[in-house]
Amino acid sequence: MPVKKVEYLDVLTKTGDKTGISKPRGDVHRDGDYHRAVHVWIFSESTEELLLQLRVDCCLWDISSAGHVSAGESSLISAMRELQEELGITLPKDAFELIYVSIQNRTYKGTFNNEYDDVYLVTIIDPIPLEAFTLQESTVSAVKYMSFEEYRRVLAQKDPDYLPLANDEYGQQLFTIIEKRYKENAEARSLTIEKQLNRYASISLSAELTGLTAADKEALTLLVKAAAIMDEIFCLQVWYSNPSLRDWLNEHADKSQLDKLKRMYYVINKSPWSSLDENEAFLTTADSAVKLLPKATKSVSGWNGLEYRTTFPSMKPPGASFYPPDMDKMEFNLWKDSLPEDQQKEAIGFFNVIRRHNESFLENMISHKTENSSSSLHDLYVVPYSQEYYSLLSEASTLLRSAGDMASSTSLKRLLYGKADAFLSNDYYDSDIAWMELDSKLDVTIGPYETYEDALFGYKATFQAFIGVRDDEATVQVKLFGDHLQVLEKSLPMDNIYKSENVTAAPIRVIQLLYNAGDVKGPQTVAFNLPNDEQMVKDRGTSMVMLKNVSEAKFKLILRPIADVCIMKEQLELVDFESFFTHTICHECCHGIGPHTITLPNGQKSTVRLELQELHSSLEEAKADIVGLWALKFLMDKDLLPKSLAKSMYVSFLAGCFRSVRFGLEEAHGKGQALQFNYLLEKGAFVLHPDETFTVDFEKVEDSVASLSREILTIQARGDKEAARTLLRKYSVMTPPLKCALEKLETVQVPVDNVPDFPIANQILRYIN
């Protein structure tokens, strides 16, 4: 007689994190260890019914499917497996929506069940015929459908035929989520989304093309098409079901006013999460795409198969689609630390995603676990971008190479050929050097750069593109900043031991933007300083691109109206575009100075990004802002900038604080700006008056700026994550003065940001399509 295999469970801490220890299931319950289980609810949208199963062990009606998460297995994989084993339903990961996590603490007959239950919802369009199920005889004796309202009633009455849910809160959350989705008033929802849309002001962005050669104009057509592919890749990077949601919204936009508004707001955010609302979802799975799976269950005569909604969580996943959706930091770090050193560097690299062996194992319709499917340290593996997005990158590579054949500038040819190669090789070093050395009237930035979307670690880069025409006059004017980076580095308000001796001058290009794509959702950037790779920064420095027409639009439509509301009349005239644009330049330059590659107190070499992880982006944005303000004053004192800017730069900066904080405190720029505003207000550098307007105290602001600069730079230099967390927790909050200012701006309906329209690029894309 075969020996029954002992099931092991991962032991968790009281906060739900993995300890790295696994024990037999019986021992876990005997000792009261925290562990994880999955609950899967199947909900029929058309009938508003839940599927229930009759359990063999207790003869009571219960959750559609449930089970423990075995040691080395992930939550999502367990949910997929349990559904297949118990009911014979094989579904892909985009059918499972994690709606919440419930904690249950129970004692029963001398055993303890301290359990984290990951609760998943599978939304199907119509009920699955009962004869389509394949029931696991040892576990399930029958299934049936019941309206969620009736199920809620029998549970409330404690009907003895139904197994109680884990706790009262569990049931309340489940029923509230379903009720809100399917009972919401369409008119009220339309008004909400319309209000969200009205925070953006439309602006048409174009540029004079007369300076381009005929060959460059031909290349421009191919470049716009290649840039559009960056949108496709970014859509995948945000969330794996994001493309199907986008396509569904596009197809159904004409069905109603609400459908039209949903699509319009999706286009701005490029996801179901609102950038200006702390990434709160403005759509639900009930708005998402419907897919048909003919072979998800046993075939039934006259039934085409199971139709389900592709899902996304209500809370934006911190790891986006760079990591398995149910992977946590502990699991990643345990796996990473088990790898050889070179593979560890690859795991935390910019240009790859992390996937599971088990995920593909189950999605290939193989339903039962195998021996190698339960090794937690080795379930994860690295997939380079060149493989993960091969079909899209291959198409973009071909377009870039063809554009390079046409380009009139030697440096542009080199860039385009280099990026074409990098898309296929996954090695971006040479192409980034070519980008930094670009000297062309037609300016192109394309590839994986920013890491804001990876809120889990800040490791993985998103694809984006910016295409513009160089503004030669403005480019000459800003050369001053790049030429003085080493001087600024040596004079930074931090201990000399942390300063670099070989800061490379940052080339600065000012362009008129023609088109952007990829990771350019929500609030629009006015400049960027790249690359972000610390090795590249160490070897070659960085380069900066300023988007002048975007800056002009933001100042005219947003910053000036903000100043009219928030700045005291006596200082209002000090808010001007020159100060705003000059600080933007200095902000980007200051990304290139200060700590990047660092030496930890124990002597180990590292980088600021690796040490601060998910806190890095917010603190780095705050550093570039506040050190940029310090640098402007330094350059004035050296007679390199006119001293007439002294007061206007501080007041323009103050007005700009309210602009950036409106992006939301979950966004890196907004969080970093809140830190600076609250710090300077606490120090008396900013003053709130009884009429709820603000001024700058010119006697205090200079020292306060230097003090905050020193604090942030020192945290970065030491790689002190705990100090970074403390600083952000204290100051990156919605304080009463900030809230007061934002409420006033809401009352007078000052736009939060711009939505750009690109007439030249749109014409090209319409012609191509």
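Residues numbered from 1 in each chain as written. Predicted model: local features only at pLDDT ≥ 70, side-chain atom pairs only at ≥ 80, totals over all residues. Heavy atoms only, no water.

- Taking an unreviewed UniProt entry as the reference, the chain is identified by name as Nudix hydrolase domain-containing protein belonging to Anisodus tanguticus.

### Some words on the overall build of the chain
For step 1, the next point in the chain: When helices and strands are counted, the chain shows 30 helices and 26 strands.
For step 2, the next point in the chain: In terms of principal-axis extent, the alpha carbons of the chain reach across some 90 × 55 × 55 Å.
For step 3, the next point in the chain: A fraction of 74% describes how many contacts in the chain between residues 6 or more apart in sequence connect residues 24 or more apart. (Helix = DSSP H or I, 4+ residues; strand = E, 2+ residues; numbered from the N terminus. Contact = heavy atoms within 4.5 Å.)

### A word on the packing of helix H22 (residues 577–590) against helix H25 (residues 645–661)
For step 1, the next point in the chain: Put simply, H22 and H25 touch, their axes get as near as 8 Å, and they point 75° apart. Here H22 is positioned roughly perpendicular relative to H25, judged by the angle of their axes. In this structure, H22 contributes Glu578, Ser579, Phe580 and His583 to the contact, and H25 contributes Leu645, Ser648, Met649, Ser652, Phe653 and Arg659.
For step 2, the next point in the chain: Looking at side-chain class alone, the contact of H22 with H25 contains 4 nonpolar, 4 polar and 2 charged residues. (Axes fitted to C-alpha atoms, helices over the stretch in contact; angles between N-to-C directions. Parallel < 35°, antiparallel > 145°, perpendicular 65-115°, else oblique. Nonpolar A, V, L, I, M, F, W, Y, C, P; charged D, E, K, R; others polar.)

### A few points about the side chain of Asp471
For step 1, the next point in the chain: Note on placement: Asp471 falls in the loop between strand E18 (463–470) and helix H16 (472–477).
For step 2, the next point in the chain: This buried residue, Asp471, is left without a salt bridge; Lys548 holds the nearest opposite charge, at 4.5 Å.
For step 3, the next point in the chain: Of the polar contacts made by the side chain of Asp471, one reaches the backbone nitrogen of Ala474; its length is 3.1 Å. (Buried < 20%, exposed > 50% of the residue type's maximum accessible area, 1.4 Å probe, protein only. Lys, Arg positive; Asp, Glu negative; His and termini not counted. Salt bridge = Lys/Arg side-chain N within 4 Å of Asp/Glu carboxyl O. Polar contact = N/O pair within 3.5 Å; in protein donor to acceptor, adjacent residues only side chain to side chain.)

### Here we look at the packing of aromatic side chains
For step 1, the next point in the chain: If you walk through the whole model with that rule in mind, you get 38 aromatic pairs.
For step 2, the next point in the chain: Taking the centre distance of 6.0 Å and the plane angle of 85° together, the rings of Tyr389 and Phe463 count as edge-to-face. Here Phe463 lies in strand E18 and Tyr389 lies in the loop between helix H12 (385–388) and helix H13 (390–406), a separation of 74 residues in the sequence. For the residue pair Tyr389 and Phe463, the accessibility class agrees, reading buried in each case.
For step 3, the next point in the chain: Aromatic ring contacts, followed pair by pair, group Phe350, Phe351, Tyr385, Tyr389, Phe423, Tyr428 and Phe463 into a single cluster.
For step 4, the next point in the chain: In this structure, Lys144 is placed above the aromatic ring of Trp61, and the distance from its NZ or CZ to the ring centre is 4.5 Å. (Phe/Tyr/Trp six-rings, centres within 6.5 Å; stacked < 30°, edge-to-face > 60°. Lys NZ or Arg CZ within 6 Å of the ring centre and 35° of its normal.)

### Thoughts on unusual backbone geometry
For step 1, the next point in the chain: The linkage connecting Leu530 with the following residue, Pro531, adopts the cis geometry, with an omega of -5°.
For step 2, the next point in the chain: Along the polypeptide, Pro531 turns up in the loop between strand E20 (527–530) and helix H19 (534–540).
For step 3, the next point in the chain: Positive phi, normally seen in glycine, also occurs at Asp639, with a value near 60°.
For step 4, the next point in the chain: Positionally, Asp639 belongs in the loop between helix H24 (616–637) and H25.
For step 5, the next point in the chain: Take Asp639: its relative accessible area is 61%, and that puts it in the exposed class.

### Points about the nonpolar core
For step 1, the next point in the chain: Ranked by size, the top nonpolar core spans 165 residues in total, and within it Phe332, Phe481 and Phe658 carry the most contacts.
For step 2, the next point in the chain: Every residue in contact with Phe332, bar those within four places of it in the chain, is listed here: Tyr323, Met327, Ala347, Ile348, Ile354, Leu380, Phe457 and Tyr459. (Core = buried A, V, L, I, M, F, W, Y, C linked by side-chain atoms within 4.5 Å.)

### Things to note about the pattern of salt bridges
For step 1, the next point in the chain: In total, this model carries 54 salt bridges according to the counting rule given.
For step 2, the next point in the chain: Close ionic contact of Glu85 with Arg81 constitutes a salt bridge, the shortest N to O distance being 3.3 Å. Residue Glu85 and its partner Arg81 are both found in helix H2 (residues 75–87); the two are separated by 4 residues, about one turn of the helix.
For step 3, the next point in the chain: Of the charged contacts, one joins Asp231 and Lys270 as a salt bridge, the two residues approaching to 2.5 Å between their closest N and O atoms. Separated by 39 residues along the polypeptide, Asp231 in helix H6 (residues 214–238) and Lys270 in the loop between helix H8 (257–269) and strand E11 (273–274) bring together distant segments of the chain.
For step 4, the next point in the chain: Take Asp231: its relative accessible area is 23%, and that puts it in the partly exposed class.
For step 5, the next point in the chain: Overlapping salt bridges, with partners in common, bring together Lys23, Asp27, Arg30, Asp31 and Asp33 in one network.

### So, the packing of H6 against H13
For step 1, the next point in the chain: The contact between H6 and H13 brings their axes to 8 Å, and the two run at 165°. Classified by the interaxial angle, the pair formed by H6 and H13 is roughly antiparallel. As H6 runs across H13, the sense of the crossing is left-handed. Touching Ala215, Glu218, Ala219, Leu222, Leu223, Lys225, Ala226, Ile229, Met230, Glu232, Ile233 and Leu236 of H6 are Leu392, Leu393, Glu395, Ala396, Leu399, Leu400, Ser402, Ala403 and Met406, all from H13.
For step 2, the next point in the chain: Across the contact of H6 with H13, the residue classes tally to 16 nonpolar, 1 polar and 4 charged. (Left-handed = near helix turned anticlockwise from the far one by under 90°.)

### Section: H24
For step 1, the next point in the chain: Over its 22 residues, H24 extends 31 Å from the first C-alpha to the last, a length consistent with the 32 Å expected when each residue adds 1.5 Å.
For step 2, the next point in the chain: Most of H24 sits out of view: 21 of its 22 residues are buried.
For step 3, the next point in the chain: At the exit of H24 stands Asp639, carrying a positive phi of roughly 60°. (Expected span 1.5 Å × (residues − 1).)

### Considering a negative patch on the surface
For step 1, the next point in the chain: Taken together, the side chains of Glu570, Asp691, Glu692 and Glu743 define an acidic patch exposed on the protein surface.
For step 2, the next point in the chain: Here Asp691 shows up in the loop between strand E24 (686–688) and strand E25 (694–696).
For step 3, the next point in the chain: A relative accessible area of 46% places Asp691 in the partly exposed class. (Patch = residues over 30% accessible without salt bridge, like charges linked within 9 Å, V, L, I, M, F, W, Y side chains within 5 Å. Areas by Shrake-Rupley, 256 points an atom, 1.4 Å probe, with all protein chains shown as cover. Charge placed at Lys NZ, Arg CZ, Asp CG, Glu CD.)

### What about the state of the cysteines?
For step 1, the next point in the chain: Under the criterion given, the structure shown has 0 disulfides.
For step 2, the next point in the chain: Looking at the unpaired Cys589, the closest cysteine sulfur is the one in Cys586, lying at 6.0 Å.
For step 3, the next point in the chain: Under the relative-accessibility criterion, Cys589 is labelled buried at 1%. (Disulfide = S-S within 2.5 Å.)

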